[in-house]
Amino acid sequence: MASVAGAFLSVLSALLLLSVWTQNPAVAGNPHSCDAPLASALPLSSFSSSSELSGSHGPGFARLNRRDGAGGWTPLVSNKYQWLQIDLGERMEVTAVATQGGYGSSDWVTSYLLMFSDGGRNWKQYRQEENIKGFPGNTNADSVVHYRLQPPFEARFLRFLPSAWSPKGRIGMRVEVYGCAYRSEVVYFDGQSVLLHRFDKESVSPIRDTIALKFKTRQSNGIILYRAGPHGNNFTLELIKGKLVFVLNPGNAPVPPTDAPMNLTLGSLLDDQHWHSLLLDILGVHVTLTLDKHTYHFHAKESSYMDLNFEISYGGIPTPQGALRFSSKNFHGCLENLYYNGVDIIELAKKHNAEILTMGNVSFSCPQPEIVPVTFLSARSHLDLPGSPGEDRISVSFQFQTWNKAGQLLSSEFWHGSGSFVLFLKDGKLKLSLFQPGQSSRTITAGAGLHDGQWHSVSFSVNSSHVSVAVDGEAAGQPLGTMLIVSGGAYHFGGCPNSSAGRGCESLLGALQGCLRLISISRRAVDLISVQQGALGSFSDLQIDSCGIVDRCLPSYCEHGSDCSQSWDTFSCDCQGTGYTGATCHSSVYEQSCEAHKYSGSPSGPYYIDADGSGPLGPCLVYCNMTGTLTSIRLTYHLGNLVSKCQDPSGHLILNRFSYLNPQALSGWPPVYGDCAFQFWGKSRCHLSHTCLSDGTPLSWWVGRTNETHSYWGGSLPGAHKCTCGLEGNCTDSQYHCNCDADRNEWNSDTTVLAHKEHLPVPGLVMPGTSRPHSAAAHVLGPLLCQGDKSFWNSASFNTETSYLHFPTFHGELTADVSFFFKTTVSSGVFMENLGITDFIRIELHAPSEVTLSFDVGNGPCEVSVQSATPFSDGRWHRVRAERNVKGASLQWTSCARSARPLATRSLQLNSQLFVGGTASRQKGFVGCMRALQLNGIFLDLEGRATVTPGVEPGCAGHCSSYGHLCHNGGRCRERHRGIACDCAFSAYDGPFCSQEISAYFETGSSMTYNFQEHYTLSKNTSSLTASSLQKDITFSRETITLSFQTTGTPSSLLYVSSFYEEYLSVILAKNGSLQIRYKLDSHQEPDAFNFDFKNMADGHLHQLKINRKEAVVSVEVNQSAKREVILSSGTEFNAVKSLVLGKVLGKWKKGFFPQSCWITSVMSQMLEAGEPLLPARSDSGVIGGVIAVVIFILLCVVAIGLHAYQQRKLPQKSESKVSANEEC
């Protein structure tokens, strides 16, 4: 029944909303039925223009396809200040326009702006979505170019402003306007009036409330509508600083948490005296607002907030008694086509319907204020106006609006060069500087934050004794003393004209880009229409009778919560603290998996990963374990041990929520990994934690990734309602499928592994309460563990130029980013291509050392390229990242800096399939391998598509050429299907990249011996004599030894290498902690002994030692800084190396030294930084030891010795300690 009722309510709501829209003529425009020609039947008087070349080139000849007169309109002078105007007689809905050049001429317009107005003043430019440059025009005189307007608009007056025209002719236009009649009901509020709608709650009890209207005002503040509830709760829709704000007041209802929004801000610059459409839709606690085609959603949290009375006030808030006392915030302007649930409120008010109460002066026509704004389009814009010279007082006032922090507003010179003043904006503050010959300048500052896009009023006055500047009614001033002030003859608004040099125009800064209005000089208003007609003053690069300010942060193109700021020409995004970068904060600064961190050479440790890259999900902090064959990821929730002791007789269920650092991010990355699992432990006593009733009804369950519920446990399939013991058949009580269901007065436990990654992570767990006393339950959710990476190594091999993979159309309308790896041996080829009707995007290897991103968004092809000093065709992996957004494009390969260029803010329209590895023409295809292809945060399955595509093979072999350098310290790279493995058998290091020091801890009397002669194995045909000769005939003329140690014990033997010929090498710490090295390379001579007094090296700190011998020259380096070189006299060859001893000396040399307790702190600190637990040191005398971190011999038989060293580490020998530790060196 609930579902049937819900379906009925949904249908009823849809019908109600449909009725509202169909009854509202303000939004009923249908572009398919509203396309009648509107201009062709108009009289000649409906056409006007800025000028005309002759009587036969007048505006009345500008009808489409007409040949009378000279065949169209042509102005006297062809420049950007010319216009053609059409008066439609009344407001009409305009859906399309068409243009044509002058008949049989070389005169046509190649681009133009379209302006519209209700009263022939205060024009507004029509801007197609994302297109502020205007409309494309004609390429010849006779063809017709149609342009459908999306969205359409309503207006009486239209103006065409040519911005470019035929290079071989003049401006020439014939035009047509298409649309239909528009029905309008308007009401005007003077700021002291209200319409109160009281409807009958018996006859009207809507499931859904819908209010549709249009508004127009030049006041930045005012309440448009208000509705109250019975508990003091209410909501308002009001203008605040030119923005529409929906404010919800809960009244006496419970206040929601602090993070719950109580208001919603929409739009900007809404006080522009132009119509704006608004639709408010309320369904339960869900509120939807649509302002000028942009939709916003609001959730009221509590249903009591939207429990509202049956009355709505429009234009303000009346007092409870209905007295005519109104708030100063009441609306001052016009409302049009006001509908409540399909009811025409204005029509009811006209008919004095009893439901409508009119309070104050309400009229049903909308006045057209005669305010003429002017737009300063660039830093070169200027307006020169005459003044009244010779007056002893100067006064100027005006209003301005801008986004720029700096720019010049006004300057003028006093009479006969006796001084000057400049009024300008700097750092958003208004400054006035006065200059007089022979005196220092005076500066007054007023206002702050004046670059906020709001209208600000400025008044400036100066006389011989005082100067003052007021901004928005707040004045600042200072006395002048005896300064002579006499007004000059000209005032320069904005910048200075080119001919003004030496004529008193001070240009400290460029003109302030913005709008001015209500200019007054010496308390006389300036007629800007006379300026436009050339009858007053002069100007350049202005747009008169229109304010062209645009909010470039609405809608905001800044992504991932970044802040948008703007100037007149552009906007910028502040990416700080978001984890993203780029012009629009689109690209993540984090890698997308642990695998990516691993193959950048990073060790195990905590990292942020962003599984969907530029997608909507944010980064997440995880622990990456790089040591296994597959990288693994571990994430732990905030609350680790959930314990509940229940004595609830009602047996209510208990919900436990698990908190993560970024729960939204977690929902994105489990699918990227190969396997994921949560480990869950549950313990119960008595009947606390039953998971099921006897009939199988689940009592406990857990919540999945999308808030769905699951009652399966362990390795069972979804819906099985079993724990691990139930699957294995070893539960405590065989009649149950979980141990926790057994009725035992003892602790039982269930351990389960949740491994269906499409359901992970686990945000919550539900446990049953109990009516039994002394019951308890403990539930522990272990970390989420994932391993492998399905995307990083997902690859395909393209064998021919005609082979390619195809995928669905790439949707990157406003922002498109592409990332992939490639390797090849060819010099060129297309990596990917996607086409539209005219738009396209393509990334290709353009030349052996050049990668190119090219695209077209309707304004001509653009290209960005990066070059490498070495060819890309080297058979190694290279990474390419490309991004195109509304601000520019960038391209980056493995190590090259980005290259970017500015672009128009038009969307990329594509409709073909996405071709990967080739093109639609099957030419210039890429030959080689591609992997890890990602578009806008989504990985494409190259391997899956390659398995069913001829000419393309899944996978790609050969990674060591690119990643072999990650194998350090002699480790050898081994190829794997997905990546590489470093074989550390030939290295004295360990770890995934042979970079972890192998260390030992030595107690007193312990040692470790490597016997090198065991590398020589006997074959069946080799005599013992031959084997002996093999052992003793190896001769070395050079070796390199590196080691790290830490100790406080002296004397100590660090290293001893012996031979079959009584030759040896020893490294010793003397009693005073100094380093001593002994070489005996001739059994018949005394050894060479060298003392190195670098410092006391038994100070408990880690020291690094490197010994390099080449014949008789031995160089010693300590801690990578102190160096010394010595010459041997005992010989140049080390013959028949026998063994290496760490920790003490054996054999005929009778002095041995035993190091004290030592730690290899470098290895330990790396563990701590990586987040791994520090395990206690072992005390086995055969293995433990901490002085030798690395020992590497570069010998003729390095392969055999390295292999044996690796084997010996696994099977250490026990120590022998027969030598006294008290003997000195």
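Residues numbered from 1 in each chain as written. Predicted model: local features only at pLDDT ≥ 70, side-chain atom pairs only at ≥ 80, totals over all residues. Heavy atoms only, no water.

- As recorded by an unreviewed UniProt entry, the chain carries the name Contactin-associated protein-like 3 and is attributed to Cavia porcellus.
- Of the chain, the UniProt comment under Subcellular location (unreviewed entry) reads exactly: "Membrane". (UniProt positions renumbered as here; feature names shortened; annotations may be inferred.)

1. Some points on the overall build of the chain
For step 1, the next point in the chain: Tallying secondary structure elements over the chain gives eleven helices and 83 strands in all.
For step 2, the next point in the chain: Burial status across the chain gives 52% buried among its 1225 residues.
For step 3, the next point in the chain: Pairs at least 24 apart in sequence give 69% of the contacts found in the chain among residues at least 6 apart. (Helix = DSSP H or I, 4+ residues; strand = E, 2+ residues; numbered from the N terminus. Buried < 20%, exposed > 50% of the residue type's maximum accessible area, 1.4 Å probe, protein only. Contact = heavy atoms within 4.5 Å.)

2. Brief notes about the environment of Phe421
For step 1, the next point in the chain: With respect to the element layout, Phe421 can be found in strand β28 (residues 420–426).
For step 2, the next point in the chain: By relative accessible area, Phe421 is classed as buried at 0%.
For step 3, the next point in the chain: Once the C-alpha coordinates of Phe421 and Gln436 are considered, the two residues, 15 residues apart in sequence, prove to be 8.8 Å apart.
For step 4, the next point in the chain: Aside from chain neighbours lying at most four places away, what touches Phe421 is Ile394, Leu410, Ser411, Ser412, Phe414, Leu432, Ser433, Leu434, Phe460 and Tyr491.

3. Looking at the nonpolar core
For step 1, the next point in the chain: Counting residues in hydrophobic clusters, the biggest one holds 43 residues, and the most contacted among them are Phe398 and Phe493.
For step 2, the next point in the chain: Per-element tally for this core: the top contributor is strand β26 (residues 394–401), with four residues.
For step 3, the next point in the chain: Once residues within four sequence positions are removed from consideration, Phe398 is found in contact with Leu409, Leu423, His456, Ser457, Val458, Phe493, Leu516, Arg517, Leu518 and Ile519.
For step 4, the next point in the chain: In this structure, Phe235, Leu291, Leu308 and Ala349 belong to the second largest nonpolar core, which totals 40 residues. (Core = buried A, V, L, I, M, F, W, Y, C linked by side-chain atoms within 4.5 Å.)

4. Some remarks on the sheet that holds strand β80 (residues 1113–1118)
For step 1, the next point in the chain: Strand order across the open sheet formed by four strands is β74-β79-β80-β81, with antiparallel pairing between neighbours. Sheet topology places β74 (1038–1045) and β81 (1122–1127) at the edges, where each strand pairs with a single neighbour. For this sheet, the mean angle separating the axes of adjacent strands, direction not counted, is 10°.
For step 2, the next point in the chain: Two strands pair when backbone bridges link them, and strand β79 (residues 1103–1110) and β80 are joined in this way by six bridges, in the antiparallel orientation. (Pairing = 2+ DSSP bridges. Axes fitted to C-alpha atoms, helices over the stretch in contact; angles between N-to-C directions.)

5. Remarks on the state of the cysteines
For step 1, the next point in the chain: Following the criterion strictly, the structure yields eleven disulfides and no others.
For step 2, the next point in the chain: Each disulfide pairs two cysteine sulfurs, and for Cys334 the partner residue is Cys366, the sulfurs being separated by 2.0 Å. Residues Cys334 and Cys366 share a disulfide whose torsion about the S-S bond is about 100°; that sign makes it right-handed. Highlighted residues: Cys334 in strand β20 (residues 332–340) and Cys366 in the loop between β23 (362–363) and β24 (374–376), separated in sequence by 32 residues.
For step 3, the next point in the chain: Its relative accessible area of 3% is what places Cys334 among the buried residues. (Disulfide = S-S within 2.5 Å.)

6. Points about the pattern of salt bridges
For step 1, the next point in the chain: Scanning the entire structure with this criterion turns up 26 salt bridges.
For step 2, the next point in the chain: A salt bridge links Asp281 to Arg208; the nearest nitrogen and oxygen atoms lie 2.8 Å apart. Taken together, the residues Asp281 in strand β16 (residues 276–283) and Arg208 in the loop between β10 (194–198) and β11 (209–216) connect sequence positions 73 residues apart. The burial state of Asp281 is the same as that of Arg208; both residues are buried.
For step 3, the next point in the chain: Close ionic contact of Glu833 with Arg842 constitutes a salt bridge, the shortest N to O distance being 2.8 Å.
For step 4, the next point in the chain: Judged by its relative accessible area of 6%, Glu833 is buried.
For step 5, the next point in the chain: Linked through salt bridges whose partners overlap, the residues forming this network are Arg91, Asp118, Lys216 and Glu336. (Salt bridge = Lys/Arg side-chain N within 4 Å of Asp/Glu carboxyl O.)

7. Some words on unusual backbone geometry
For step 1, the next point in the chain: A cis amide bond, omega -5°, links Leu554 with the succeeding residue Pro555.
For step 2, the next point in the chain: Residue placement: Pro555 occurs in the loop between β38 (542–544) and β39 (563–566).
For step 3, the next point in the chain: Of note in this structure, Asp292 is not a glycine but carries a positive phi near 50°.
For step 4, the next point in the chain: Counting through the fold element by element, Asp292 comes out in the loop between β17 (286–291) and β18 (294–299).
For step 5, the next point in the chain: According to the relative accessible area criterion, Asp292 is partly exposed, its value standing at 27%.
For step 6, the next point in the chain: Of note, the phi angle at Asp472 is positive, near 50°, even though the residue is not glycine.
For step 7, the next point in the chain: Within the secondary structure, Asp472 is located in the loop between β32 (466–471) and β33 (474–479).

8. Considerations on the sheet that holds strand β29 (residues 429–435)
For step 1, the next point in the chain: Pairing in this open sheet of seven strands is antiparallel, and the strands run β30-β29-β28-β27-β34-β25-β37 from one edge to the other. The open sheet has two free edges, formed respectively by β30 (442–446) and β37 (538–540), since each of these has just one partner strand. Going across the sheet, the axis of each strand differs from the next one's by a mean of 15°, ignoring polarity.
For step 2, the next point in the chain: In this structure, β29 lies alongside β30, joined through five bridges in antiparallel fashion. Considered in β30, the bridge of Ser433 is made with Thr443.

9. Brief notes about the confidence of the model for the chain
For step 1, the next point in the chain: Residues with a pLDDT of 70 or more make up 75% of the chain, whose mean pLDDT is 79.
For step 2, the next point in the chain: For the stretch residues 1145–1225, pLDDT sits under 50, and the model shows 218 contacts to residues farther than four places along the chain or on other chains. (pLDDT = per-residue confidence, 0-100.)

10. Focus: the packing of aromatic side chains
For step 1, the next point in the chain: Inspection of the entire model under this criterion finds 33 aromatic pairs.
For step 2, the next point in the chain: Centre to centre, the rings of Phe398 and Phe493 are 6.0 Å apart; their planes meet at 85°, and the pair counts as edge-to-face. Of the two residues, Phe398 is situated in strand β26 and Phe493 in strand β34 (residues 490–494); the sequence distance between them amounts to 95 residues. The pair Phe398 / Phe493 is uniform in exposure class, with both members buried.
For step 3, the next point in the chain: Pairing Phe872 with Trp893 gives two aromatic rings, centres 5.0 Å apart and planes at 90°, and the pair type is edge-to-face. Taken together, the residues Phe872 in the loop between β60 (861–867) and β61 (878–884) and Trp893 in strand β62 (residues 888–893) connect sequence positions 21 residues apart. Considered together, Phe872 and Trp893 belong to a single accessibility category, that of buried residues.
For step 4, the next point in the chain: Here the aromatic residues Tyr112, Phe116, Tyr126, Phe135, Tyr147, Phe153 and Phe160 are joined through ring pairs into a cluster of three or more.
For step 5, the next point in the chain: Between the NZ or CZ atom of Arg517 and the centre of the ring of Trp455, over which it lies, the distance is 3.9 Å.
For step 6, the next point in the chain: The ring centre of Phe807 lies 4.6 Å from the NZ or CZ of Arg945, which sits over that ring. (Phe/Tyr/Trp six-rings, centres within 6.5 Å; stacked < 30°, edge-to-face > 60°. Lys NZ or Arg CZ within 6 Å of the ring centre and 35° of its normal.)

11. Notes on the pairing of strand β8 (residues 174–181)
For step 1, the next point in the chain: Of all eight residues making up β8, six are buried, and the element is well covered by its neighbours.
For step 2, the next point in the chain: Across eight bridges, strand β3 (residues 84–100) lies against β8 in antiparallel orientation. Bridging from a neighbouring strand, Ala98 pairs with Glu176 of β8.

12. Quick word on the environment of Gly548
For step 1, the next point in the chain: Of note, Gly548 is situated in the loop between β38 and β39.
For step 2, the next point in the chain: For the pair Gly548 and Thr375, spaced 173 residues apart in sequence, the C-alpha separation works out to 6.0 Å.
For step 3, the next point in the chain: Ignoring any residue separated from it by four or fewer positions in sequence, one finds Gly548 in contact with Arg127, Thr375, Cys515, Gln543 and Trp568.

13. Side note on the side chain of Ser381
For step 1, the next point in the chain: Topologically, Ser381 is positioned in the loop between β24 and β25 (382–386).
For step 2, the next point in the chain: A relative accessible area of 0% places Ser381 in the buried class.
For step 3, the next point in the chain: Within the structure, the side chain of Ser381 is placed 3.0 Å from the backbone nitrogen of Leu377, a separation counted as a polar contact.
For step 4, the next point in the chain: Engagement of the side chain of Ser381 in a polar contact is seen with the backbone oxygen of Asp541, the distance being 2.7 Å.
For step 5, the next point in the chain: Look past the residues within four positions of Ser381 in its chain and what remains in contact with it is Phe376, Phe493, Gly494, Gly495, Ala511, Ser540, Asp541 and Leu542. (Polar contact = N/O pair within 3.5 Å; in protein donor to acceptor, adjacent residues only side chain to side chain.)

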